[in-house]
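Okay, here's what each chain looks like letter by letter:
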Amino acid sequence: MKRRSVLTLAAGASAALLVPSGATAAPAGPSGDADRRLLLRYAADTWRSMTALVDPGTGLPADNIDGDLSTASRSRYTSPTNIGCLIWSAVAARELGLVSRGEARRRIRAALDTLARLERHPYSGMFYNWYDPATGQLLRTWPIDGSTVHPFLSSVDNGWLAAALMVVGNDDPALRASAGRILAGMDFGFYYDANARGADFGAGLLRGGFWPERPPNGGVEDNYRGRGPNVWYTGHHYGTLNSETRIGSYVAIALGQVPREHYFAMWRTFEPNCDWSWQEMKPVGEYTEHLGIRVFEGAYRHRGRQYVPSWGGSMFEALMPDMLVPEARWAPDSWGRNHPVFVQGQIDHGLHEAGYGHWGFSPSSDPAGGYREYGVDPMGLDTDGYTSDQERTRVNLGFDGCRPADPLPTAYGDGVVTPHAVFLALPYARGEAVDQLTRLRADFDCYGPGGFHDAVAVRSGAVAHRYLALDQGMVLGALGNLLGGDALRRRFAAGPATERLRPLLGIEEFAVPVG
């Protein structure tokens, strides 16, 4: 997965886990038949792009494809996250009546069969970051420019794949054994550094990943499981809670591979003293203790809102895990408060603070070419993090007593919005999201045979005419939940996730006022 929320620290299952889903309360459906029909059309077109991404020989999706869905334009690389997106998208498509049960099963089985044959790290059971979707071969040469690929195993990419395996294993008894065998070999404890915050802290963090061979830029040589030879870990841990990377933590806890205390080792915000004054602003909050772990329950305040920030202020950091994990329902006093406020902050930034007339900021294709992270700067922890426009207009709100503030921007540049961010917002701002999608189609040439193109620069009108498996997977996941009775959340929530995660998430109260 190319999208990352990282914190660089200063300090140097078996098939039985996959059980049928129990009945849970489903959210209310869209407001009105017209909205439902519109969203179903979006889902059908988005599914067309997902199927166009798939290589018929392996059943694996490419990372991206051009906006005309030409099969010749499929990228020659894919990742564990992309494969997970295809798997849960097929479940969502079936629940929405876009495909039959047989077709969904066939597509998922093809992907599972190829997954079972892919080269993995033999001691952790983890998948490498990049494979050729046409052959399933591990990539050691980047197909775009011929540069060398040093095989890497990402904790967050494997987290998304494992979460998808849990979903499909709980969804279809005919696929449960295949998904379970793959999942059983994956050990997230291989990433867990118990001493990341000090030997006496009481819990550790997950590394971003590792190389089994020494990389050119170094790395931290170790082996947290003690199985096989040493590996070279990334210099950073995933220490920010409000990030898409928490899916790796959720899976690891649900599978019993890391202690549940790990959840409270991640930062909500960093501490409110000058040692941490590099963060976006001085947080408010207080210290408390959960499961013996000292936690600073911090939050940011900006434009009348109080929220737990993400790393870069983007929508998919905040809401992609909520697409599979029923965070708002399981954690009403933490995520249940934060998600709606985060969405409203993005809406306010796009419509009022920056004045773009549109909203929905998240890492996506860059309409000028390539790929870039976008977000709402004051809603992220990193002062040099994501911005909402091409010009990288930043806000420095200062850190009282440690760092002076700069004047607020008088104007913003060419703002870039991505439709997947708007779809993720549907559970928390349905009317605003449906209206925003309608206005995007009306104002820009941003809709093609596979649904919404990946991103729009709203002042210049430039469009990234491309479809990404990750972003289309978020669109289908969001619609599968909204229109299909929480289809994906119900499947993920069965068995160990409910037993181990639900009580854990329910413990906490964020420093976010009740809305």
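Above this text sits the structure in question.
This write-up is about the structure you can find in this document. Within any chain, residue numbers begin from 1 and follow the written order of that chain's sequence. Totals for whole chains, interfaces and linings use every residue, but because this is a predicted model, local features are given only for residues with pLDDT of at least 70 and side-chain atom pairs only at 80 or more, for both listing and counting. With hydrogens and water set aside, each side-chain value is computed from the structure's full complement of heavy atoms.

### As for the packing of aromatic side chains
Okay, step 1: Each pair of aromatic rings taken from Phe, Tyr and Trp, with Trp reduced to its six-membered ring, is defined by centres within 6.5 Å and is described as stacked if the planes are under 30 degrees apart, edge-to-face if over 60, and tilted in the remaining cases. Under the criterion given, the structure shown has 27 aromatic pairs.
Okay, step 2: Judged by centre distance (5.2 Å) and plane angle (80°), the ring pair of Tyr263 and Phe264 falls under edge-to-face.
Okay, step 3: Burial status follows relative accessibility: with a 1.4 Å probe on protein chains alone, a residue under 20% of its type maximum counts as buried, one over 50% as exposed, and anything between as partly exposed. Using a relative accessible area of 0% as the deciding quantity, one classes Tyr263 as buried.
Okay, step 4: Of note, Arg294 hangs over the ring of Tyr287, and the distance from its end group to the ring centre comes to 3.8 Å. Charge over a ring is defined by NZ of Lys or CZ of Arg lying within 6 Å of the ring centre and within 35 degrees of the ring normal.

### Looking at the pattern of salt bridges
For side chains bearing opposite charge, pairing can occur when the charged atoms are close.
Okay, step 1: For this analysis, a salt bridge means a side-chain nitrogen from Lys or Arg found within 4 Å of a carboxyl oxygen belonging to Asp or Glu. Applying the stated criterion across every chain, the model contains 21 salt bridges.
Okay, step 2: Here Arg337 and Asp333 are joined by a salt bridge, their closest N and O atoms 3.4 Å apart.
Okay, step 3: With relative accessibility at 13%, the residue Arg337 sits in the buried group.
Okay, step 4: Taking relative accessible area as the criterion, Asp333 reaches 34% and is therefore assigned partly exposed.

### Regarding the state of the cysteines
Okay, step 1: In this description, a disulfide is simply a cysteine sulfur pair whose atoms lie within 2.5 Å. The full count for this structure, using the stated rule, is 1 disulfide.
Okay, step 2: Paired through a disulfide, Cys274 and Cys402 show a sulfur-sulfur distance of 1.9 Å. Residues Cys274 and Cys402 share a disulfide whose torsion about the S-S bond is about -80°; that sign makes it left-handed. Of this pair, Cys274 sits in the loop between α7 (262-265) and β9 (284-290) while Cys402 sits in the loop between β13 (371-372) and β14 (416-417), and the two are 128 residues apart along the sequence.
Okay, step 3: Look at Cys402 and you get partly exposed, because its relative accessible area is 29%. For the purposes of this entry, the term helix denotes a DSSP run of H or I that reaches at least four residues, the term strand denotes a run of E that reaches at least two, and both are numbered from the N terminus.

### A short note on the pairing of β9
Okay, step 1: Paired strands, as defined in this entry, are two strands with at least two bridges between them according to DSSP. As defined by bridge partners, β9 adjoins strand β10 (residues 293-302) across 7 bridges and the pair is classed as antiparallel. Bridge pairing in β10 places Glu289 opposite Arg294.

### Some words on the packing of helix α2 (residues 80-95) against helix α3 (residues 101-117)
Okay, step 1: The axes used here are C-alpha line fits, helices contributing only the stretch in contact, and every angle between their N-to-C directions lies in the interval 0 to 180 degrees. Closest axis-to-axis distance for the α2/α3 pair is 9 Å, and the angle between their directions is 165°. With respect to their mutual orientation, α2 and α3 come out roughly antiparallel. α3 is crossed by α2, and the crossing has left-handed handedness. Only Arg101, Ala104, Ile108, Ala111, Leu112 and Leu115 of α3 make contact with α2, whose side of the interface consists of Ile83, Leu86, Ile87, Ala90, Val91 and Arg94.
Okay, step 2: Each residue belonging to the contact of α2 with α3 can be placed in one class, and the counts come to 10 nonpolar, no polar and 2 charged. What sets the label is the angle itself: under 35 degrees gives roughly parallel, over 145 gives roughly antiparallel, 65 to 115 gives roughly perpendicular, and the rest give oblique. Working rule for handedness: look at the near helix, and if it is turned counterclockwise from the far one by less than a right angle, call the crossing left-handed; if clockwise, right-handed. In what follows, a contact means two residues having at least one pair of non-hydrogen atoms within 4.5 Å. Each residue is assigned to one class: nonpolar for Ala, Val, Leu, Ile, Met, Phe, Trp, Tyr, Cys and Pro, charged for Asp, Glu, Lys and Arg, and polar for all the others, Gly among them.

### Section: the sheet that holds strand β5 (residues 209-211)
Okay, step 1: The 4 strands lie next to each other as β2-β5-β7-β6, forming an open sheet whose pairing is antiparallel. Every interior strand has two partners, whereas the edge strands, β2 (153-154) and β6 (220-222), have only one.
Okay, step 2: Sheet analysis places β2 next to β5, joined by 2 bridges and oriented antiparallel. Across the sheet, residue Leu153 finds its bridge partner in β5, namely Phe210.

### Considerations on the side chain of Ser49
Okay, step 1: With respect to the helices and strands, the residue Ser49 is situated in helix α1 (residues 33-53).
Okay, step 2: Residue class for Ser49 comes out buried when judged on its relative accessible area of 0%.
Okay, step 3: Contact partners of Ser49, with chain neighbours within four places excluded, come to Leu69, Gly450, Tyr467 and Gln472.

### Here we look at the pairing of β10
Okay, step 1: Of all 10 residues in β10, 8 are buried; the element is thus mostly enclosed.
Okay, step 2: With 3 bridges joining them, β10 and strand β11 (residues 305-307) adopt antiparallel strand pairing. Of the residues in β11, the one forming a bridge with His302 is Arg305.
Okay, step 3: Here β10 hands over to β11 after 2 residues, with Arg303 in that stretch at a positive phi of 50°.

### Concerning the environment of Gln279
Okay, step 1: Here Gln279 shows up in the loop between α7 and β9.
Okay, step 2: A relative accessible area of 0% means that Gln279 is categorised as buried.
Okay, step 3: Sequence separation between Gln279 and Thr383 is 104 residues, and the spatial gap between their C-alpha atoms is 5.6 Å.
Okay, step 4: Contacts of Gln279, omitting those with residues within four sequence positions, involve Thr269, Phe270, Glu271, Tyr300, Leu381, Thr383, Phe399 and Arg403.

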